Each structure stands twice: as C-alpha cells, then as structure tokens.
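Summary of the model geometry
What follows is the residue order along each chain.
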Amino acid sequence: MRKIIFVTGNAHKVKEASNILLKLGITVEQNNCGYPELQEDELEKIAAYGAECAADHLGGEVMVDDSGLFIRALGGFPGPYSAYVFDTLGNERILKMMEGGTDRAAVFRCVIGYCRPGEKALLFSGEVEGEISLVGRGDAGFGYDPIFEVGGRTFGDMGDYEKNLLSHRYRALLKFARG
Ligand code: ITT
C-alpha cells in the first residue's frame, strides 16, 4: 500500500485524512516537523511553499493541508488567516460578529500540497458550501466544526464518518489520491 507523510501539527486533520485515504489505498503517517506558514492571502501559496520546504527538509515526498473558512458577509474573513483567528477570537466571537445579519453563507476550503524534494508542489483543492450556524452545536470534530453547517447540521453534529463523506478535505484528498 502506498504511504504518504503528512506534515502537520493538527492531529484531527491526520485522523480525518487517514480514514479518507485508507479507503483509497493510501496510509498516512504524521510528521510534526513544522514548516514556515507564509502569511499570504491565498491558501494555494501557503500550501505550495509549505510542501516544498517540508519535502526539502525531510528529503522525501510529503503532503500538507492548508484549510480556511470563508464567510461571505465578512468579505471572506477569516479565510487564509483561519488558524490565527481561531486561536485569538474563537467561534463565539465570530458568531457575535455575525449577529443581526441575514447572510450566513460560508465556504470551507482545503488545499492539499504534495511535493517531492527539489520539485514544485502539486496542489489539489476541495471546497464545501454551507452556512454559519446561529449558535455552536455538536461535540464532534475540531476547530470551526461546531459553527459550520451543511444541510442544517453542523460538522460538529455530524461526526467523522458523515463529515468525511462530504467535507472540503475529503474533496481535496480524493483529487490527490487520483493524482
Ligand atoms: P497545520 O497548519 O499544522 O496543518 P492548523 O490547525 O494550523 O494545522 P490550518 O492553518 O489549515 O491548520 O487551519 C486553519 C484553521 O481552521 C485552524 O484553526 C483549524 O483548526 C481550522 N480547521 C481546519 N480544518 C478544519 C475542519 O475540517 N473543520 C473545522 N476547523 C478546521
């Protein structure tokens, strides 16, 4: 079976990617070596740079995942800054920012960067359209899962099995696995 090194500090991503890729004939091993996260305005640039740095550093093929939540009423915020905003504001303050508005549309995007040492990264992106819930709901998942709804249920309500059938990460990893 093919094995891929997934460079990330986020164990939740590893669990999801392992479940998704195992069904597609690929096993996943986490490496937490870290890579420079550019403060860029596009997930693609962050994923490409990270994958290239990590592949050169480790001397082998790697995959990285850069994800972001884009809220339409907030002009796409937090987007590429999702990790920083989650750590500093968190879900409750994002919900506060949206109080009073009627447009709750949002898109979750994932860009997988794959790279071999000395080469340019290949990028695979996936996205899922949804809405920001009125209140946080559900104990499953991580990060923004309790406030991101698809079809009236949050990723936090769904749990891994259901989320992994339709998520931004699933859609990006499917493209990656198919090359
Ligand atoms: P690495 O960069 O080490 O992979 P990270 O958690 O910093 O881990 P991102 O920059 O891609 O990863 O994540 C941006 C933020 O979005 C961060 O707060 C994540 O917890 C959150 N996030 C990413 N994927 C998510 C998902 O599927 N569901 C909910 N939140 C997610």
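To be clear, the structure that these remarks concern was listed above.
Below or above, wherever it landed, is the structure these notes cover. Computed from a prediction, not measured in an experiment: that's the story for all the values here. (Residues numbered from 1 in each chain as written. Predicted model: local features only at pLDDT ≥ 70, side-chain atom pairs only at ≥ 80, totals over all residues. Heavy atoms only, no water.)

Considerations on the site of the ligand
Around the ligand lies a shell of 20 residues, among which Thr 8, Lys 13, Glu 37, Asp 145 and Lys 163 are the nearest. One of the side-chain nitrogen or oxygen atoms of Thr 8 is found 2.6 Å away from an oxygen atom of the ligand. One of the backbone nitrogen or oxygen atoms of Tyr 144 is found 3.0 Å away from a nitrogen atom of the ligand. Protein coverage of the free-state accessible area of the ligand, which is 610 Å², stands at 88%. When atom positions are compared with the pocket grids, the ligand is found to occupy the largest pocket. For the shell around the ligand, the residue count by class is 6 nonpolar, 7 polar and 7 charged. (Near = heavy atom within 4 Å. Polar contact = N/O pair within 3.5 Å; in protein donor to acceptor, adjacent residues only side chain to side chain. Areas by Shrake-Rupley, 256 points an atom, 1.4 Å probe, with all protein chains shown as cover. 1 Å grid on protein atoms, 1.4 Å probe; cavity = no way out; pocket = protein on both sides within 12 Å on 5 of 7 lines; lining within 4 Å. Sits in = over half its atoms within 2 Å of the grid points. Nonpolar A, V, L, I, M, F, W, Y, C, P; charged D, E, K, R; others polar.)

Focus on the pattern of salt bridges
Summed over the entire model, instances satisfying the criterion amount to 19 salt bridges. For the salt bridge of Asp 65 with Lys 13, the shortest nitrogen-to-oxygen distance reads 3.4 Å. Highlighted residues: Asp 65 in strand 3 (residues 62–71) and Lys 13 in helix 1 (residues 11–22), separated in sequence by 52 residues. You can call Asp 65 buried: its relative accessible area is 2%. Of the charged contacts, one joins Asp 65 and Arg 169 as a salt bridge, the two residues approaching to 2.6 Å between their closest N and O atoms. Of the two residues, Asp 65 is situated in strand 3 and Arg 169 in helix 7 (residues 168–178); the sequence distance between them amounts to 104 residues. (Salt bridge = Lys/Arg side-chain N within 4 Å of Asp/Glu carboxyl O. Helix = DSSP H or I, 4+ residues; strand = E, 2+ residues; numbered from the N terminus. Buried < 20%, exposed > 50% of the residue type's maximum accessible area, 1.4 Å probe, protein only.)

Thoughts on the pairing of strand 5 (residues 105–115)
Along strand 5, 11 of the 11 residues are buried, which leaves the element largely enclosed by surrounding structure. Sheet topology places strand 3 next to strand 5; 10 bridges connect them, and they run antiparallel. Counterpart to Ser 67 in the pairing with strand 5 is Cys 110. In sequence, strand 5 turns back onto strand 6 (residues 122–132) through a hairpin of 6 residues, with Gly 118 there showing a positive phi of about 80 degrees. (Pairing = 2+ DSSP bridges.)

Thoughts on the packing of helix 1 against helix 7
Packed helices, taken two at a time, are described by their axes: the angle between them and the distance between them. Relative orientation of the contacting elements helix 1 and helix 7 amounts to 50 degrees, with a least axis distance of 10 Å. What the angle tells us is that helix 1 and helix 7 run oblique. Crossing handedness for the pair helix 1 and helix 7: right-handed. Residue-level contacts link Lys 13, Glu 16, Ala 17, Ile 20 and Leu 21 of helix 1 to Arg 169, Tyr 170, Leu 173, Phe 176 and Ala 177 of helix 7. When grouped by side-chain class, the residues that make up the contact of helix 1 with helix 7 number 7 nonpolar, no polar and 3 charged. (Axes fitted to C-alpha atoms, helices over the stretch in contact; angles between N-to-C directions. Parallel < 35°, antiparallel > 145°, perpendicular 65-115°, else oblique. Left-handed = near helix turned anticlockwise from the far one by under 90°. Contact = heavy atoms within 4.5 Å.)

A word on the environment of Phe 148
Position of Phe 148 relative to the elements: it lies in strand 7 (residues 148–150). A relative accessible area of 0% places Phe 148 in the buried class. Between the alpha carbons of Phe 148 and Arg 137 there is a distance of 9.0 Å; along the sequence they are 11 residues apart. When residues no more than four places from it in sequence are discounted, the contact partners of Phe 148 are Leu 69, Ala 106, Val 107, Phe 108, Val 128, Glu 129, Gly 130, Glu 131, Arg 153, Thr 154 and Phe 155.

Remarks on the packing of aromatic side chains
Here the structure, examined in full by the defined rule, presents 6 aromatic pairs. Here the aromatic rings of Tyr 114 and Phe 176 are separated by 5.7 Å at their centres, their planes lie at 45 degrees, and the arrangement is tilted. With Tyr 114 in strand 5 and Phe 176 in helix 7, this residue pair connects regions lying 62 residues apart in the sequence. Each member of the pair, Tyr 114 together with Phe 176, is buried. Relative to Phe 155, the ring of Phe 148 lies with its centre 5.2 Å away and its plane at 55 degrees, an arrangement referred to as tilted. (Phe/Tyr/Trp six-rings, centres within 6.5 Å; stacked < 30°, edge-to-face > 60°.)

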